[in-house]
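Spelled out, the chains give:
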Protein chains: 2
Amino acid sequence: MSPEQSKPTGVNAITASNTTAPTQLLQLNGQSYAYRRFGRGSGLPLLFLQHFTGTLDNWDPAVTDPLAADREVILLDNAGVGRSTGEVPTTIAGMAQHALAFLGGLGIKTCDVLGYSLGGMVALQMVQDRSSTFRRLILVGSAPRGGEDIMHLEKPSLAKRIQDPTNRGYDVLKKIFFTASPASQAAAEAFVGRLSQRKNDLDPASGPNVAGAQMAAFREWEKFSGERFAELRVIRQPALVVNGVNDEMIPIANSLRMSENLANAVLIGYPDAGHGSLFQYPESFTRHAANFLASNSESAAF
Amino acid sequence: MSPEQSKPTGVNAITASNTTAPTQLLQLNGQSYAYRRFGRGSGLPLLFLQHFTGTLDNWDPAVTDPLAADREVILLDNAGVGRSTGEVPTTIAGMAQHALAFLGGLGIKTCDVLGYSLGGMVALQMVQDRSSTFRRLILVGSAPRGGEDIMHLEKPSLAKRIQDPTNRGYDVLKKIFFTASPASQAAAEAFVGRLSQRKNDLDPASGPNVAGAQMAAFREWEKFSGERFAELRVIRQPALVVNGVNDEMIPIANSLRMSENLANAVLIGYPDAGHGSLFQYPESFTRHAANFLASNSESAAF
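The rules we used
- Residues numbered from 1 in each chain as written.
- Chains lettered and ligands numbered in written order.
- Predicted model: local features only at pLDDT ≥ 70, side-chain atom pairs only at ≥ 80, totals over all residues.
- Heavy atoms only, no water.
- Least-squares fit on C-alpha atoms with pLDDT ≥ 70 in both.
- Pairing = 2+ DSSP bridges.
- Helix = DSSP H or I, 4+ residues; strand = E, 2+ residues; numbered from the N terminus.
- Contact = heavy atoms within 4.5 Å.
- Buried area = accessible area lost by both parts, 1.4 Å probe.
- Salt bridge = Lys/Arg side-chain N within 4 Å of Asp/Glu carboxyl O.
- Polar contact = N/O pair within 3.5 Å; in protein donor to acceptor, adjacent residues only side chain to side chain.
- Nonpolar A, V, L, I, M, F, W, Y, C, P; charged D, E, K, R; others polar.

Considerations on the relation of the copies chain A and chain B
- For the pair chain A and chain B, the best superposition has an RMSD of 0.0 Å and corresponds to a rotation of 180° with a translation of 0.0 Å parallel to the axis. The transformation relating the two chain copies, once decomposed into turn and shift, fits a two-fold axis. The rotation axis passes nearest to the C-alpha of Ile268 of chain A in chain A, at a distance of 2.3 Å.

Overview of the pairing of strand S1 (residues 24–28) of chain B
All names here are of chain B.
- Where S1 lies against strand S2 (residues 31–38), 5 bridges are found, and the strand directions are antiparallel. Paired with Gln24 across the two strands is Tyr35, which belongs to S2.
- As consecutive antiparallel partners, S1 and S2 are separated by 2 residues, and within that stretch Asn29 has a phi angle of approximately 55°, a positive value.

Quick notes on the interface of chain A and chain B
- The interface is formed by 36 residues belonging to chain A together with 36 residues belonging to chain B.
- Counting each side, the surface lost to burial between chain A and chain B is near 2,600 Å², with a carbon and sulfur contribution of 56%.
- Summed over the shared surface of chain A and chain B, the number is 0 salt bridges.
- Taken together, chain A and chain B are joined by 8 residue pairs in polar contact (both at pLDDT 80 or more).
- For the side of chain A that touches chain B, the secondary-structure elements that each account for two or more residues are helix H9 (253–261), strand S8 (265–270) and helix H11 (282–294) of chain A.
- A total of 6 residues in the side of chain A that touches chain B trace back to one element, the largest contributor, which is S8 of chain A.
- Taken together, the residues of the side of chain A that touches chain B sort by class into 17 nonpolar, 15 polar and 4 charged.
- One ladder, built from 3 bridges, connects S8 of chain A with strand S8 (residues 265–270) of chain B; its direction is antiparallel.

Here's the deal with the side chain of Lys174 of chain A
- Locating Lys174 of chain A in the fold gives a position in helix H5 (residues 171–176).
- Setting aside residues up to four positions removed in sequence, Lys174 of chain A forms contacts with Gln185, Ala188, Glu189 and Val192 of chain A.

Thoughts on the side chain of Asn254 of chain A
All names here are of chain A.
- Looking at where Asn254 falls in the secondary structure, it is placed in helix H9.
- Engagement of the side chain of Asn254 in a polar contact is seen with the backbone nitrogen of Glu148, the distance being 2.8 Å.
- Residue contacts for Asn254: discarding those within four places in its chain leaves Ser142, Ala143, Pro144, Gly147 and Glu148.

Put into structure tokens, the structure is as follows:
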């Protein structure tokens, strides 16, 4: 990003970070939810909902921290993920119920939500289930119910990258969240470097049970009955829909369908970017997201 | 737009306007090109290329003037349109030749270009023909060669709005550039009001000969040979691709194809917006466009 560009709307200094924020536990209904909550400012709290197998440690501080300069951000491990107890639901609806219960447990009546990939689907379901809780939505690399080609990791183009035995830990993310271009791979390296800055109080990595249940939820989410995308048209909240234009995990066609069928959504596509577009362009993404969240316009246009 | 949002990068006051800028004529190769040139600042000149049957008077001052706060903007009547002499070419390639000759006649070696609808196609062709002239491209409501459903005014959904005898002059634009929603129609009213502020030194409206030749150019542009969209992949300039998510004249699928196949393009889709998205959200559009143009990053992301 060039230095002459405008700053995010954020006027407060960054004083808290996902690199250092302590993990907290909320006890509720016999269940324990792991979360991190940091930042301050005049904005509504912003709930972050995470991608397939991701934990609290998979949130890039270059995305969370600038947004925490104007509001509290709340990162959640859904049930059965990271240090949250319970079973991983096998439906998006089940995950949405947990996340709504969690918000209730924190006493949060109104908030904004940023859902990434799987988390965007959970966000859409939460808005359908309890619309009045949500003011504005950010949906990144996600898909509507009835979307197409959602997380088919068995596709040859993805399978060969995931199964490469030289990929370990975060390294696999460099191959599947970014494109093969030198610029995208340089951004991937920087992203993994930022995740690796957190050294203590780490979540356990997700195992096959998390992956299996979440994959079942994707398969169920691809199904639809009745008029396709009809449930999107009743969502009136301003939405910002973001995707890499070369996303092979959840193709941008899904984001186009969301922006066409949501009543009030801006679509942004990032160049030379795959599933991890928000991590490839964190300065641009957080500038757009902050301006979108700062707006009180009835329109999503910002 | 809410007042707390960030301003465009433009730091200079708006001192010139398409409402008042005089029309000039450039004599070149036995031809006369009508144009307006106004604004100042450190940015490269920005060439505006107009939509189907549009003249200099169809450029919304709410779009041209904020961009003229940081650079010269140059609005062109292509050959045979408005007060430019000559025949309207029946191909995009012919229009691109005229526009390149015009830039040469003004002595402009390097510039940015904003092409809207038909003008975006001409811009793409100009970049293919003389890449070194162009630094950054903005393509609004446009389509690549081989695009789909480009300006089929005979479609029932469009034909009934165009042929409504109660529509006169600019009023037809309210029906075809905007959606039927109250918010979009209010924006349409404001748009037409802004166009109507210019009272003198007006272009003649385009007649059937302009429409016929430009329509022939659309039909030729829909054809392709060889690998579809291959010519987009060699364009390296950063591009900003913009469309209304509900555009029936040139559907946003065309903008998606451009952003997927151009090497370096950001896509923005505007909510509840048809073909005239830039006129529906001029504050948002000019803020994004100004930030995009102000960037010197290698990436289109801004």
